[in-house]
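Listed here are the chains, written in short residue letters.
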Amino acid sequence: MTHHARAFRRLFTRKYLIGLFLLAGLSCASLYIMYEQNARQAGRAEMTMLAYGQKALSQRISFFANTLVTSNDPSEREVMRAELRAAAAEMLSAHEHLTQQRPTIGETPMHLPELDDIYFGGESPFDSELRTFLDRAEAIADTPPEELTPDSLLLREVNLLGMNTVMQTHDVITRIISYRAAREVETAKLVQSVLTALILILLAAEAVFLFEPVGRAIESSLIKSEKSERLAQEEARRANIAHDAKSNFLRVMSHEFRTPLNAVIGMTDLLRATPLDDQQQVYVRHLQDAGNHMLSLANDVLTVQQYNAGKLELSIGPADLVQEIEGVAGLLKTKTDEKGLSLTFLPSPDFDGAVMIDARRFRQVLINLIGNAVKFTHRGGITITADSAPVEAQPGDGAGDSAGGSAGGGLGGGRLDIEIRVIDTGGGVTPEKREKIFEEFEQAEQFGERSEGGVGLGLAISRSIIEALGGKLSLEETSKKGSTFLIRMRLFRRKAAPEEAPKPAAAAPAREGVGGRKILVADDNLPNRMIAAAYLKKAGYDVSFAENGREAVDAALADSAIATVFMDIEMPVMDGVEAVKLLRERQRARLPVVALTAHALPEDSERLIDAGFDEVIRKPINEAAIVECARRYLDKRDAA
């Protein structure tokens, strides 16, 4: 959070809290006034009820006294005498209560100055007159009936005091209380109105001084957000441009890198087929190893680029993991023999390796892991273990659940949990390097020993491939006695291993009848033409040449004996793409045209197929690949 944002937050919080406290204070004051008013009204209601009760009692006393005097029934007189005494006692008790204890609101006496002289003045005239009234009533109750007459003085005093003093005084009391209640209700309404107005004013002030700045801040934030979004879009555009530039750079470098590699590796193959003494054989072998290593580095860089761009393509199909592991171990056996190391494959007795997987990518992982183990192990050896366990069938498992569902071999045999370990007796991996070794361009140091070559892409690529296959590659706990790399995958099992077509030999024997069936090689690079010609002539084919696309089109149209064209892409005068398009336009029958290209990205192959090529062979050219391709198209032509 920036300094301005923190300052704004503090200012907003301060204003908000001040406004909140003011609103709370006004609300509490309003509630207190309402509470006090309700309490006052309750107290006054109680006093009014008592005053009305006293009026009723004075009437009852007068009634009982008159009935007692005028009645001739002894039993009725006794009842009236008892009622008269009870009413007088009740009235006296209520009067003493009111005069001795002033009515209160909770702990606060009510402010009733108009009643102080009338009712609460201590020895007031009204108090004396009321007590006289009650004394006369008690005297009537105590006087024998024969001594009382309707004209007696006691009875007249009771009637007079009751009507003129007690009732009138209590009427005055109720009127005073009602008047005071009405006045205080009006006052409370006024105060409530003032408080409500203050609350509204405070809310308006908050809207102006608090929420309006917040609105401006939000608007400013939105403007900044839009600006940031525009900057992010611009950065994304630049990143896309950089990514495209990198892709173009890799495409160009791949082409420029593979073109001389094709000459190095191809010429080395041809050189090894010539008579050489032992020392020359060693030189050639080292030259070939260096060329293959450079090709491996180029492939690794392209694989990393594809994975980072989300374009790492997988070709899922049936494979036998036992054969794949044994094949890679066989490739590396020469190196282990040179270093005096053992290389052992120990699958568990019940290991089932018949699965659906991208065999080419899996071999790439094995070559990286086992190759690293051989590189960093100087004594002892490398052990490869393999275990599998069937996975209980889950709803929805089936052929449609896998990317390889349409591949040959079929699914439906359930799934397998596969664990493959590559264990070496080398120096091990230092703890601080345990995770870093899987990062791009990161090289492990074997407990202080410098990495032996490489650019640090092998393990990063291997983890990327295994993750793309839905598995996990990790380094188990290690010590100075060695390292253990673990591959865990859950793969679909094949129902039955498909029959595989026999692999062609690296150099097919000369076929009778091949002569006269020409193959045209179009390439502006002389070493590339020499290598392709040597491979094809060794297999018994007639070969002719073109140095650019224009020559290739003219030769293919002029010579009907040409059965297949192997064409480079980058050529002067007319490149391979223009040449194949022109050939397709002018040609009556479709002549097989195979692209020989140093462009190695998957999209390059798609582009060339879309342009009209029948097949793509990537440089460096493999002898078996180009010979098998020629044989396949010639067989199709013969069958037609």
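Computed from a prediction, not measured in an experiment: that's the story for all the values here.

Colleague: Lay out the overall build of the protein chain with the relevant residues and their values.
Modeller: Broken down by element type, the protein chain carries 14 helices and 14 strands. Counting every position in the protein chain, which comprises 640 residues, the buried fraction comes to 41%. In the form shown here, the protein chain has an accessible surface area of approximately 34,400 Å², with 56% of it arising from carbon and sulfur atoms.

Colleague: Give me the packing of helix α7 (residues 321–339) against helix α8 (residues 359–376): which residues, what numbers.
Modeller: The description of two helices packed together rests on the angle between their axes and the distance between the axes. Where α7 meets α8, the closest approach of the two axes is 10 Å, and the angle between their N-to-C directions is 30°. For the element pair α7 / α8, the angle class is roughly parallel. Viewed along their axes, α7 and α8 form a crossing whose handedness is right-handed. Between α7 and α8, the residues in contact are L321, E324, I325, V328, L332, K335, T336 and K339 and A359, F362, R363, L366, I367, I370, G371, V374 and K375, respectively.

Colleague: Go over a nonpolar patch on the surface, please, and point to the residues and values.
Modeller: Together, L190, V194, L198 and I201 give the surface a local cluster of nonpolar side chains, amounting to about 370 Å² of exposed area. Among the structural elements, I201 can be located in helix α5 (residues 153–272).

Colleague: Describe the pattern of salt bridges, listing the residues and the values that go with them.
Modeller: Under the defined criterion, the tally for this structure stands at 25 salt bridges. Across the pair R421 and E419 runs a salt bridge, and its minimum N-O distance is 3.2 Å. Residue classification places E419 among the partly exposed residues on the basis of a relative accessible area of 24%. D559 is the partner of K518 in a salt bridge, and the nearest nitrogen-oxygen pair spans 3.1 Å.

Colleague: How would you sum up the environment of R631? Please name residues and give values.
Modeller: You can see R631 is positioned in helix α14 (residues 623–639). R631 gets classed as partly exposed once you look at its relative accessible area, which sits at 29%. As for R631 and A539, which are separated by 92 residues in sequence, their C-alpha atoms are 9.3 Å apart.

Colleague: With reference to specific residues and values, describe the nonpolar core.
Modeller: Across soluble globular proteins, you tend to see nonpolar side chains buried next to one another. In this structure, I357 and I420 are the most contacted members of the largest nonpolar core, which totals 42 residues. Mapped onto this core, the elements with two or more residues apiece are α7, β5 (354–357), α8, β6 (381–391), β7 (415–424), α9 (458–468), β8 (472–475) and β9 (484–492). A per-element tally of this core places α8 first, with 8 residues. Within the second largest apolar cluster, 24 residues are counted, among which are A522, A556, I562 and M567.

Colleague: Outline the sheet that holds strand β14 (residues 615–618), supporting the account with residue identities and numerical values.
Modeller: Taking strand neighbours across the sheet as the criterion, the 5 strands line up as β11-β10-β12-β13-β14 in an open arrangement whose pairing is parallel. Each of the sheet's edge strands pairs with one partner strand only, and the pair in question is β11 (542–546) and β14. Direction aside, neighbouring strands of the sheet carry axes that sit 25° apart on average. Here strand β10 (residues 518–522) pairs with strand β12 (residues 562–568) via 5 bridges, running parallel. When the sheet's bridge partners are listed, V521 is paired in β12 with F566. Packed on one face of the sheet, helix α11 (residues 549–558) meets β10, β11 and β12 and runs near 165° to β10.

Colleague: Describe the sheet that holds β6, naming the residues involved and giving the relevant values.
Modeller: Ordered by their spatial adjacency, 5 strands build an open sheet running β4-β6-β7-β9-β8, and the pairing between neighbours is mixed. Of all strands in the sheet, those bounded by a partner on one side alone are β4 (342–347) and β8. If you compare each strand with its neighbour and ignore which way they point, the axes differ by 15° on average. Direction of pairing for β4 relative to β6: parallel, over a ladder of 6 bridges. Counted as the bridge partner of P347 is A386 from β6. α8 rests against β4, β6, β7, β8 and β9 of the sheet, and its axis sits at about 25° to β7. Relative to the sheet, α9 contacts β8 and β9, its axis offset from that of β8 by approximately 140°.

Colleague: Can you explain the packing of helix α12 (residues 576–586) against helix α13 (residues 602–611)? Please cite residues and give values.
Modeller: Interhelical geometry of α12 versus α13 gives an angle of 25° and a closest axis separation of 9 Å. Relative to α13, α12 is oriented roughly parallel. Contacts between α12 and α13 involve V577, V580 and K581 from the former and R607, L608 and A611 from the latter. For the contact of α12 with α13, a count of residues per class yields 4 nonpolar, no polar and 2 charged.

Colleague: Go over the pairing of β5, please, and point to the residues and values.
Modeller: Burial of β5 is two-sided: the residues A354 and M356 facing one way and the residues V355 and I357 facing the other way are all buried. The sheet contact formed by strand β3 (residues 317–320) and β5 spans 4 bridges and is antiparallel. By the bridge assignment, P318 is partnered in β5 with M356.

Colleague: Can you lay out the side chain of S71 for me, pointing to particular residues and giving the numbers?
Modeller: In this fold, S71 is placed in the loop between α1 (3–70) and α2 (74–100). Residue S71 is classed as buried on the basis of its relative accessible area, which comes to 11%. Reaching out from S71, the side chain makes a polar contact with the backbone nitrogen of D73 at a distance of 3.2 Å.

Colleague: Can you explain unusual backbone geometry? Please cite residues and give values.
Modeller: Leaving glycine aside, a negative phi is the common case for residues, and trans is the common case for peptide bonds. Put simply, K619 and P620 share a cis peptide bond, and its omega is 0°. Within the element layout of this structure, P620 appears in the loop between β14 and α14. Although it is not a glycine, V573 adopts a positive phi angle of roughly 65°. With respect to the helices and strands, V573 occurs in the loop between β12 and α12. You can call V573 exposed: its relative accessible area is 71%.

Colleague: Give me the confidence of the model for the protein chain: which residues, what numbers.
Modeller: Of the residues in the protein chain, 74% have a pLDDT of 70 or more, and the chain-wide mean is 77. Counting contacts from residues 398–411, a segment whose pLDDT is below 50, to residues more than four positions away or on other chains yields 33 contacts. Note on residues 441–455: pLDDT under 50 across the span, and 42 contacts to partners over four residues away in sequence or across chains.

Colleague: How would you sum up α9? Please name residues and give values.
Modeller: Within α9, 9 of the 11 residues are buried, which leaves the element mostly enclosed by the surrounding structure. What α9 keeps buried is the set G458, L459, A460, I461, S462, R463, S464, I465 and I466. Just downstream of α9 lies G470, where phi reads positive at about 85°.

Rules and cut-offs
- Residues numbered from 1 in each chain as written.
- Predicted model: local features only at pLDDT ≥ 70, side-chain atom pairs only at ≥ 80, totals over all residues.
- Heavy atoms only, no water.
- Helix = DSSP H or I, 4+ residues; strand = E, 2+ residues; numbered from the N terminus.
- Buried < 20%, exposed > 50% of the residue type's maximum accessible area, 1.4 Å probe, protein only.
- Areas by Shrake-Rupley, 256 points an atom, 1.4 Å probe, with all protein chains shown as cover.
- Axes fitted to C-alpha atoms, helices over the stretch in contact; angles between N-to-C directions.
- Parallel < 35°, antiparallel > 145°, perpendicular 65-115°, else oblique.
- Left-handed = near helix turned anticlockwise from the far one by under 90°.
- Contact = heavy atoms within 4.5 Å.
- Patch = residues over 30% accessible without salt bridge, like charges linked within 9 Å, V, L, I, M, F, W, Y side chains within 5 Å.
- Salt bridge = Lys/Arg side-chain N within 4 Å of Asp/Glu carboxyl O.
- Core = buried A, V, L, I, M, F, W, Y, C linked by side-chain atoms within 4.5 Å.
- Pairing = 2+ DSSP bridges.
- Nonpolar A, V, L, I, M, F, W, Y, C, P; charged D, E, K, R; others polar.
- Polar contact = N/O pair within 3.5 Å; in protein donor to acceptor, adjacent residues only side chain to side chain.
- pLDDT = per-residue confidence, 0-100.

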